[in-house]
Structures are given as structure tokens and as C-alpha cells.
Amino acid sequence: AMAAREGLTIGSINPNVFQDPAYQFGSFGHRDAAVRRKAIDAHLDCIRIAQATGSPAISLWYADGTNYPGQDDFRARHRRFAECFREVHAALPPGLRMFIEYKCFEPAFYHTDVQDWGTALLFAERFDERVQVLVDTGHHLPGCNIEHIVALLLERGRLGGFHFNDRKYADDDLTVAAINPYQLFLVLLEMVKAEDDADARVADCARACAYAFDQCPNHKPTVESVIQSALRVQELYAKALHVDQAALRAAQDGADLVAAEEVLQDAYHTDVRPLLRAWRAQKGLPEQPLDAYRASGLREQAAAERGARV
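Residues numbered from 1 in each chain as written. Predicted model: local features only at pLDDT ≥ 70, side-chain atom pairs only at ≥ 80, totals over all residues. Heavy atoms only, no water.

A.B. asks: Looking at this model, I keep getting lost on the overall build of the protein chain. Mind explaining?
C.D. replies: For the protein chain, the count of helices and strands is 13 helices and seven strands. Relative to the compact-globule value of 19 Å for 310 residues, the protein chain shows a C-alpha radius of gyration of 21 Å, a close match. Projected onto its principal axes, the C-alpha coordinates of the protein chain cover approximately 65 × 55 × 40 Å. Residues classed as buried in the protein chain amount to 44% of the 310 residues present. For the protein chain, restricting intrachain contacts to residue pairs at least 6 apart in sequence, the fraction spanning at least 24 positions comes to 73%. Counting every atom, the protein chain has about 16,500 Å² of accessible surface; 54% of that belongs to carbon and sulfur. Across the protein chain, 34 positive and 44 negative side-chain charges occur, with their mean positions spaced 5 Å apart. (Helix = DSSP H or I, 4+ residues; strand = E, 2+ residues; numbered from the N terminus. Rg over C-alpha atoms; globule rule 2.2 N^0.38 Å. Buried < 20%, exposed > 50% of the residue type's maximum accessible area, 1.4 Å probe, protein only. Contact = heavy atoms within 4.5 Å. Areas by Shrake-Rupley, 256 points an atom, 1.4 Å probe, with all protein chains shown as cover. Lys, Arg positive; Asp, Glu negative; His and termini not counted. Charge placed at Lys NZ, Arg CZ, Asp CG, Glu CD.)

This is the structure in C-alpha cells:
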């Protein structure tokens, strides 16, 4: 009701199966059936919450793993995960999607149970296409080709959504495009190409993709950081739309590596900000959202109200 009053809708519902002390040695991967039962019940609660709030998805991330060789059996843990996923999937009502997120490490530093897109896809493809993979752009080691991962997940019809952020090392959760904007441009280019793919399965997957920010602006005002991230995603998506697809295909067909790269660079260096300002004006939105927020006094007003409550 509160969201409706504010003109908002509820996004994905996320089970927390990592902070309770019971999950010290895992949730779905835990050796103790009672702990696994506790984790499954948390997921079932989230399904009920999603139904009550009209949420389109439950989004799943796990801290499960081990810190020392010999601590547990890899394949046994994988089987436990699969069994728990099976019960959660069986409870999914029609229309509700289930996103499986992956992370290369942390807090488990020897092995992580859902450590990469391949493992997440192995679990997802056990079930119908409502079960998909979520790509967090910060959950990769330096040098990882995230756009390639996105392309392959689209090809399988299993890309469910993104958590947008940036990182210098891995999962730094920085403001979007703070470190490597060109990489996100290439990721969004894969989305643009897929949205018009001749294969309806690929196109439908791209168009249904869910987007979210997952970032931790420790030293920035939070709302301003989110506004920055929204602006960067809009700009980079608009740049991806500027790629001359026909010229790119011609260069690829001719094995002209230089021409192909120049097509991408031309689009990337296009200043799309005037177009986006005009687009916002057409919608009755502030042309410069960050400036408008700073001029509104909303942050100072909220601080004063919350301080008074304390």
C-alpha cells in the first residue's frame, strides 16, 4: 500500500540465508538437514511475500562454500543444492521467476558453491525457463569477459537480470561505470543486439531482463550515487543503440578488425547527453536529475525529519 501511494512497484524479493549464525557452514549446501530446511522455508516465505506484493521474481544469492581443503565434499554439496532448488521451484506460482546469482569468492575463500555463470546455469537448466541466471557485474575476477557470458546466457534464453555496479578487483560495489564504462557499454550492446534477434526466444529473454543496482557507496550520499548510476546506464545504453549494426556486420564478414572496432568506438564516443536531456524533457522529467535533486533540498529535509524522530 505504501509503494502504491508513492507510485512505486516492488522489485525482486531476496531471501537472506547468510547472516543467521545457523548458516555459518552454508544454507542449501549445509550437511545438516535442519539447516537446509530452515533455508528452504526462508525461500518459501519469500515466494509468499512476492505473491502478496506483486513482485515478479525471487532473487537468490548464497554465501555457501568452504575455507579449507577437506572441509566438505564438493559433489555432495552440489547435490544438496539441487534438491533444495527442486523444492523451491515446485512452489513457484505461474508468472513468478527465480534468479540464481553467482559470485567467484567471498566469504568462502577455498571454494564457493555457486561460483560462476556455468554453475548457476547448470542449476537453472534442471528446471523450466522461469529459472534464470542473474549477472552481477561486480562478481567477476579482473579481466573476465562479462559481455561474452551475457551473450551465451541470452543464447540459452536463461539471462534473468543484472545487478549493476562497478569494481576494481571483485565485488567492490562501486557506482556504475566508475572504473570501466567501456565494459558496460559492451554488455549493453549484447542486450541491444539480442532485443532484435531473429530468434524469438533470444529476443524475448532480452526484453524481459530485469535490472537493478547493487552498490555500496560508502563515502557518497546514497541517493546521489544511485542517480549517477541511473544516468550512466542510460548513457551507455544510448551509446549501444548508436552502434551501426550493418557496418559492424560488414566489417565482421570481411574480417576487417580495425573497421569493426572503429564502429564500436564511434558509437562509444558519441555524446548522447543532449539527446537524453531532450528525452527527459519530453517526459516532463528534470533534464539534469542530479542538479534537480541537489536543488530540491530533499536530502536536508529527510535528514532533519529523521534526526527529529531519533
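A.B. asks: Help me understand the pairing of strand β6 (residues 159–164) in this model?
C.D. replies: The side chains of a regular strand alternate, residue by residue, between the two faces of the sheet. Across the six residues of β6, six count as buried, placing the element largely inside the fold. Sheet analysis places strand β5 (residues 131–136) next to β6, joined by four bridges and oriented parallel. Counted as the bridge partner of Leu-134 is Gly-161 from β6. What joins β5 to β6 is helix α5 (residues 146–155), and the crossover it makes is right-handed. (Pairing = 2+ DSSP bridges. Right-handed = clockwise from strand over helix to strand, strands pointing away.)

A.B. asks: So what exactly am I meant to see when it comes to the packing of helix α2 (residues 33–53) against helix α3 (residues 74–90) here?
C.D. replies: The angle between the axes and the distance between the axes are what describe a pair of packed helices. One way to put it is that α2 packs onto α3 with a least axis distance of 10 Å and a crossing angle of 30°. Overall, the two elements α2 and α3 adopt an arrangement that is roughly parallel. Note on packing geometry: the crossing formed by α2 with α3 is right-handed. Facing Arg-36, Arg-37, Ile-40, His-43, Leu-44 and Ile-47 of α2, the residues of α3 in contact are Arg-80, Cys-84, Glu-87 and Val-88. Here the residues of the contact of α2 with α3 sort into five nonpolar, one polar and four charged. (Axes fitted to C-alpha atoms, helices over the stretch in contact; angles between N-to-C directions. Parallel < 35°, antiparallel > 145°, perpendicular 65-115°, else oblique. Left-handed = near helix turned anticlockwise from the far one by under 90°. Nonpolar A, V, L, I, M, F, W, Y, C, P; charged D, E, K, R; others polar.)

A.B. asks: Any chance you could explain the pattern of salt bridges here in plain terms?
C.D. replies: Two side chains of opposite charge can pair, provided their charged atoms sit close to one another. If you walk through the whole model with that rule in mind, you get 19 salt bridges. Across the salt bridge formed by Asp-45 and Arg-48, the nearest N and O atoms sit 2.4 Å from each other. Residue Asp-45 and its partner Arg-48 are both found in helix α2; the two are separated by three residues, about one turn of the helix. On the accessibility criterion, Arg-48 (48% relative accessible area) is partly exposed. The shortest N-O distance in the salt bridge between Arg-207 and Asp-196 comes to 3.8 Å. Note that Arg-207 is positioned in helix α7 (residues 200–207) and Asp-196 in the loop between α6 (181–195) and α7, a separation of 11 residues in sequence. (Salt bridge = Lys/Arg side-chain N within 4 Å of Asp/Glu carboxyl O.)

A.B. asks: Sorry if this is basic, but what is going on with α7 here?
C.D. replies: At 3.6 residues per turn, the α-helix brings residues three or four places apart onto the same side. The complete set of buried residues in α7 reads Val-202, Ala-203, Cys-205 and Ala-206. Buried residues along α7 cover an arc of 160° about the axis, so they all sit on one side. Those residues of α7 that are buried lie in contact with β5, α5, β6, α6 and β7 (210–213). One side-chain oxygen of the residue at the start of α7 lies 2.9 Å from the amide nitrogen of Arg-201, identifying that residue as Asp-199. (Arc of directions from axis to C-beta. Polar contact = N/O pair within 3.5 Å; in protein donor to acceptor, adjacent residues only side chain to side chain.)

A.B. asks: Is there a simple way to think about the packing of aromatic side chains in this case?
C.D. replies: One pair of aromatic rings is described through two measures. These are the centre distance and the angle between the planes. According to the stated counting rule, one finds 17 aromatic pairs in the structure shown. Their ring planes at 35° and their centres at 5.2 Å tell us that Phe-28 and Tyr-62 sit as a pair that is tilted. Taken together, the residues Phe-28 in the loop between α1 (2–5) and α2 and Tyr-62 in the loop between β1 (57–60) and β2 (65–66) connect sequence positions 34 residues apart. Like Phe-28, the residue Tyr-62 is buried in the burial classification. Ring-pair connections join several aromatic residues into one group, and the members of that group are Phe-28, Tyr-62, Phe-81, Phe-85 and Phe-123. Lying over the aromatic face of Tyr-268, Lys-239 brings its terminal NZ or CZ to 5.4 Å of the ring centre. (Phe/Tyr/Trp six-rings, centres within 6.5 Å; stacked < 30°, edge-to-face > 60°. Lys NZ or Arg CZ within 6 Å of the ring centre and 35° of its normal.)

A.B. asks: How do you make sense of the sheet that holds β7 when you look at a structure like this?
C.D. replies: Hydrogen bonds between backbone groups are what pair the strands of a sheet, and the pairing can be parallel or antiparallel. Across the sheet, five strands lie side by side as β1-β3-β5-β6-β7; this open sheet has parallel pairing. The strands lining the two open edges of the sheet, one partner per strand, are β1 and β7. Going across the sheet, the axis of each strand differs from the next one's by a mean of 25°, ignoring polarity.

A.B. asks: Sorry, what's going on with the side chain of Arg-97 here?
C.D. replies: With respect to the helices, strands and loops of the structure, Arg-97 is situated in strand β3 (residues 97–101). For Arg-97, which is buried and forms no salt bridge, the nearest opposite charge comes from Glu-129, at a distance of 9.5 Å. Separated by 2.7 Å, the side chains of Arg-97 and Gln-132 make a polar contact. Residues in contact with Arg-97, not counting those within four places in the same chain, are Pro-56, Ala-57, Ile-58, Arg-130, Gln-132, Gly-160, Ala-208 and Ala-210.

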